[in-house]
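Listed here are the chains, written in short residue letters.
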Amino acid sequence: MALLRGVWGVLSALGKSGAALCADCGGRLRAPFSFVYVPRWFSSTLSSYPRKPMTSYVRFSKEQLPIFKAQNPDAKNSELIKKIAELWRELPDSEKKIYEDAYKADWQAYKEEINRIQEQLTPSQMVSLEKEIMQKRLRKKAIIKKRELTMLGKPKRPRSAYNIYISERFQEAKDGSSQLKLKAVNESWKNLSSSQKQVYIQLAEDDKIRYYNEIKSWEEQMVEVGRIDLLRRKMQPQAKSTEKR
């Protein structure tokens, strides 16, 4: 259902719902995403779809990150993002307005381009396009999300004892295909004694502590810049009920 809601949201962003687009389809259409045939001309249409503009803060961060990296070549991205967040908070409203106005202008241009593309398609073409929009939009959204998190310096998740061992031993494995090397390293892991595995188990525990400390600091930074949408679900503030029981 989440997948269907995501696709429906894409269509809503275009200004029409699937139901509206299917008005002329009659009873032949049972569900808005039950299409399998996708004409070839769709690929060229989708390739011209514009990207959503960056928010004012993301635009500012993208501009500042290379500068901070050049000034602090040994610093971690998370440390640089913290400095950029502090700089953004201290930025005068008049300077923030430059980025906010740029976002508004880009958003207006984005909507106009979407409308231009939409006007070139008939309702039946829009209906048939839904399947490919679903696949490409969601895949693209995931890629963009990953890139944004990387740019914002989100800490890498902790590795398991097995993963630490694999990354350490993989390059040392004998020549062969990656599949054969991985198989050999996997067998060597199985043959380790409990005491030998304990070394990697401890490294994994240390990595968990590293991740906990880094993610806690990173999420505090995201709260400060208004990006609570990036917090882990259990860390997001819950709406308090006003009803007295």
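Residues numbered from 1 in each chain as written. Predicted model: local features only at pLDDT ≥ 70, side-chain atom pairs only at ≥ 80, totals over all residues. Heavy atoms only, no water.

## Here we look at a positive patch on the surface
Quick reminder of the rule: Patch definition: residues above 30% relative accessible area lacking any salt bridge, with like charges linked at up to 9 Å and the nonpolar side chains Val, Leu, Ile, Met, Phe, Trp and Tyr linked at up to 5 Å. The protein chains shown are the only cover counted for residues, whose accessible areas, like all others here, come from Shrake-Rupley with a 1.4 Å probe. What makes a salt bridge here is a side-chain nitrogen of Lys or Arg within 4 Å of a carboxyl oxygen of Asp or Glu, nothing more. Here Asp and Glu are counted as negative and Lys and Arg as positive; His is not counted, and neither are the chain ends. Charge positions come from single atoms, namely NZ of Lys, CZ of Arg, CG of Asp or CD of Glu. Burial here depends on accessible area, computed with a 1.4 Å probe over protein chains only, as a share of the maximum for the residue type. Under 20% is buried, over 50% is exposed, and the range in between is partly exposed.
On the surface, Lys52, Lys141, Lys145, Lys154 and Arg157 cluster together into a positively charged patch. Lys52 sits in the exposed class, given a relative accessible area of 54%.

## Regarding the packing of aromatic side chains
Threshold: Stacked, tilted and edge-to-face pairs are distinguished by plane angle, under 30 degrees for stacked and over 60 for edge-to-face with tilted covering the rest, among Phe, Tyr and Trp rings (Trp via its six-membered ring) whose centres lie within 6.5 Å. Only DSSP runs of H or I with at least four residues qualify as helices, and only runs of E with at least two residues qualify as strands; both kinds are numbered from the N terminus onward.
Overall, the coordinates contain 10 aromatic pairs when judged by the stated rule. Relative to Trp189, the ring of Tyr162 has its centre 5.8 Å away and its plane inclined at 75°; by these criteria the two rings are edge-to-face. Remark: Trp189 occurs in helix H9 (residues 178–190) and Tyr162 occurs in helix H8 (residues 161–169); sequence separation between them is 27 residues. On the basis of relative accessible area, Tyr162 is assigned to the partly exposed category, the value being 28%. Given the relative accessible area of 12%, Trp189 is considered buried. An angle of 50° between the planes, with centres 5.2 Å apart, marks the rings of Tyr165 and Trp189 as tilted. With Tyr165 in helix H8 and Trp189 in helix H9, this pair connects stretches of sequence that are 24 residues apart.

## Some points on the nonpolar core
Worth spelling out the cut-off: Definition used in this section: a nonpolar core is a set of buried Ala, Val, Leu, Ile, Met, Phe, Trp, Tyr and Cys residues joined via side-chain atoms within 4.5 Å. Contacts are assigned to residue pairs with any non-hydrogen atoms lying within 4.5 Å of each other.
Counting residues in hydrophobic clusters, the biggest one holds 22 residues, and the most contacted among them are Tyr57, Ile81, Ile84, Leu152, Trp218 and Met222. Residue assignment for this core shows that the elements contributing at least two residues are helix H4 (56–71), helix H5 (77–90), helix H7 (123–151) and helix H10 (194–224). With near-sequence residues (within four places) excluded, Ile81 lies in contact with Tyr57, Leu65, Met151, Leu152, Gly153, Gln221 and Met222. With 9 residues, the next largest nonpolar core counts Ile164, Val185, Trp189 and Ala204 among its residues.

## Considering the pattern of salt bridges
This model, assessed by the stated rule, comprises 13 salt bridges. With a shortest N-O distance of 2.7 Å, Lys97 and Asp101 are connected by a salt bridge. Highlighted residues: Lys97 and Asp101, both in helix H6 (residues 93–119), separated by 4 residues, approximately one helical turn. Given the relative accessible area of 46%, Lys97 is considered partly exposed.

## What about the packing of H5 against H10?
Inclusion rule: As a rule, the C-alpha atoms of each element are fitted with a line to give its axis, helices using only the stretch in contact, and angles between N-to-C directions run from 0 to 180 degrees. An angle counts as roughly parallel when it lies under 35 degrees, as roughly antiparallel when it exceeds 145, as roughly perpendicular when it falls between 65 and 115, and as oblique in every other case. By definition, any crossing whose near helix is turned counterclockwise from its far helix by less than a right angle is left-handed, and any crossing with a clockwise turn is right-handed.
One can describe the packing of H5 onto H10 by two numbers: an axis separation of 10 Å at closest approach and a directional angle of 20°. Of the possible angle classes, the one that applies to H5 and H10 is roughly parallel. Note on packing geometry: the crossing formed by H5 with H10 is left-handed. Note on element contacts: H10 touches H5 through Gln221, Met222 and Glu224, opposite Ser78, Ile81, Lys82 and Arg89.

## Observations concerning the packing of H4 against H6
Look at H4 against H6: their axes get within 8 Å of each other, and the N-to-C directions meet at 115°. Judged by the angle between their axes, H4 and H6 are roughly perpendicular. Remark: the crossing between H4 and H6 carries right-handed chirality. Between H4 and H6, the contacting residues are Ser56, Arg59, Phe60 and Glu63 on the first element and Tyr99, Glu100, Ala102, Tyr103 and Asp106 on the second.

## Considerations on the side chain of Ser78
Inspection of the secondary structure puts Ser78 in helix H5. For Ser78, a relative accessible area of 17% puts it in the buried group. Setting aside chain neighbours within four positions, we find Ser78 in contact with Gly153 and Gln221.

## Some details on the confidence of the model for the protein chain
Defined as follows: pLDDT is a residue-level measure of predictor confidence that goes from 0 to 100.
Here the protein chain shows a mean pLDDT of 76. Residues at 70 or above account for 73%. Within the protein chain, H10 carries the highest mean pLDDT (92), whereas helix H2 (residues 18–21) carries the lowest (39). Considering only residues more than four positions removed or in separate chains, one finds that residues 1–43, a stretch of pLDDT under 50, has 51 contacts. For residues 239–245, every residue scores under 50 in pLDDT, and the model assigns this stretch 0 contacts once sequence neighbours within four places are set aside.

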